[in-house]
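Here is how the chains run, residue by residue.
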Amino acid sequence: MLGESHSIHHEFPEHRERIDALMKEEQAFRDRVEEHDRLDKTIRGLELRENPIADRDLEAMKAERLHLKDVILRRLNGD
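Residues numbered from 1 in each chain as written. Predicted model: local features only at pLDDT ≥ 70, side-chain atom pairs only at ≥ 80, totals over all residues. Heavy atoms only, no water.

A. The pattern of salt bridges, seen in detail. For the structure shown, the criterion picks out six salt bridges. Its salt-bridge partner being Asp40, residue Arg65 comes within 2.8 Å of it at the nearest N-O pair. Remark: Asp40 occurs in helix α3 (residues 27-49) and Arg65 occurs in helix α4 (residues 55-76); sequence separation between them is 25 residues. Taken as a pair, Arg65 and Asp40 share a single burial class, namely buried. In this structure, Lys62 engages Glu47 in a salt bridge whose closest nitrogen and oxygen atoms are separated by 3.1 Å. (Salt bridge = Lys/Arg side-chain N within 4 Å of Asp/Glu carboxyl O. Helix = DSSP H or I, 4+ residues; strand = E, 2+ residues; numbered from the N terminus. Buried < 20%, exposed > 50% of the residue type's maximum accessible area, 1.4 Å probe, protein only.)

B. Expanded view of the packing of helix α2 (residues 16-25) against α3. The geometry of α2 relative to α3 is characterised by a closest axis approach of 6 Å and an angle of 120 degrees between their N-to-C directions. For the element pair α2 / α3, the angle class is oblique. For the pair α2 and α3, the sense of crossing is left-handed. Contacts from Ile19, Leu22, Met23, Lys24 and Glu25 of α2 reach α3 at Gln27, Phe29, Arg30, Val33 and Glu34. Among the residues forming the contact of α2 with α3, the class breakdown is five nonpolar, one polar and four charged. (Axes fitted to C-alpha atoms, helices over the stretch in contact; angles between N-to-C directions. Parallel < 35°, antiparallel > 145°, perpendicular 65-115°, else oblique. Left-handed = near helix turned anticlockwise from the far one by under 90°. Contact = heavy atoms within 4.5 Å. Nonpolar A, V, L, I, M, F, W, Y, C, P; charged D, E, K, R; others polar.)

What follows is the structure, given as structure tokens:
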């Protein structure tokens, strides 16, 4: 759905406490979550305002968001 939030807390509500703990304990984890959430906010803004952007650029942003989400989930699962 266009404009839907994909923040890490929204995507993984079952991991909320672990996310918060890792963000306090690990700078690298916090950086990834913040990067993911900034990118998500940018994508949502582009979708909601229908700003002109090349499809391939938007798809690249979404692919990066998905990559970060995967990295974060692996860490949440202890990998």
